[in-house]
Amino acid sequence: MSTKTARMGGVMGVWEAADRLERLAQELRAGRLGLSAGRVSMHLSPAVMLDVEIRASQASDREGLDVRLSWSPHRPDAASLRGEF
């Protein structure tokens, strides 16, 4: 199976961004994530255990937060915790 990638980006207000993240969290809890960007549409089925990476960055002119969730849909028990929370 080939790799498909959909990326959503752009400028939005903090409330709109928070609403989008809350909708993604609801979909994650329900066990099904949907994302459409351009002509690419995907439906993801998260495993019970996820690899989670959260990175914050801060410079004098820009701040950011990167959140990455990944999993193996065919081996949900294979995920392991990395890092500290």
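One can find the structure itself at the top, above this paragraph.
What this report covers is the structure whose coordinates are included nearby. (Residues numbered from 1 in each chain as written. Predicted model: local features only at pLDDT ≥ 70, side-chain atom pairs only at ≥ 80, totals over all residues. Heavy atoms only, no water.)

1. A short note on a nonpolar patch on the surface
Residues V52, I54, L65, V67 and L69 make up a contiguous nonpolar surface patch of roughly 440 Å² in combined accessible area. When contributions to the nonpolar patch are tallied by element, the ones reaching two or more residues are β3 (51-58) and β4 (63-70). With three residues, the top contributor of residues to the nonpolar patch is β4. With respect to the helices and strands, the residue I54 is situated in strand β3. I54 gets classed as exposed once you look at its relative accessible area, which sits at 52%. (Patch = residues over 30% accessible without salt bridge, like charges linked within 9 Å, V, L, I, M, F, W, Y side chains within 5 Å. Areas by Shrake-Rupley, 256 points an atom, 1.4 Å probe, with all protein chains shown as cover. Salt bridge = Lys/Arg side-chain N within 4 Å of Asp/Glu carboxyl O. Helix = DSSP H or I, 4+ residues; strand = E, 2+ residues; numbered from the N terminus. Buried < 20%, exposed > 50% of the residue type's maximum accessible area, 1.4 Å probe, protein only.)

2. Notes on the pairing of β3
Note that β3 and β4 share eight bridges and pair antiparallel. Its bridge partner lying in β4, I54 is registered against V67. Hairpin connection, β3 to β4: the antiparallel pair is bridged by four residues. (Pairing = 2+ DSSP bridges.)

3. Quick word on the pattern of salt bridges
Counted by the stated rule, this structure contains one salt bridge. Between R55 and D66 there is a salt bridge; the shortest N-O distance is 2.5 Å. With R55 in strand β3 and D66 in strand β4, this residue pair connects regions lying eleven residues apart in the sequence. D66 gets classed as partly exposed once you look at its relative accessible area, which sits at 38%.

4. Quick word on helix α1 (residues 14-30)
Here α1 is 17 residues long and its end C-alpha atoms lie 24 Å apart, about the 24 Å a rise of 1.5 Å per residue gives. In the segment just after α1, G31 is the residue with positive phi, at about 85 degrees. (Expected span 1.5 Å × (residues − 1).)

5. Section: the environment of G34
Mapped onto the elements, G34 comes out in strand β1 (residues 33-37). Separated by eleven residues in the primary sequence, G34 and S45 have C-alpha atoms spaced 9.0 Å apart. Sequence-distant contacts of G34, that is, excluding residues within four places in its chain, are made with R20, E27, M42 and H43. (Contact = heavy atoms within 4.5 Å.)

6. A word on the side chain of R20
Turning to its location among the elements, R20 is positioned in helix α1. No salt bridge is formed by the buried R20; the nearest opposite charge belongs to E27, separated by 4.5 Å. Apart from the residues within four sequence positions on either side, R20 is in contact with M8, E27, G34 and L35. (Lys, Arg positive; Asp, Glu negative; His and termini not counted.)

7. Notes on the pairing of strand β2 (residues 40-44)
Bridge count between β1 and β2: five bridges; the pairing is antiparallel. Opposite S36, over in β2, you have S41 as the bridge partner. Between β1 and β2, which pair antiparallel in sequence order, lie two residues; one of them, G38, sits at a positive phi of approximately 65 degrees.

Spatial relationships are all this shows, so hold off on functional conclusions.
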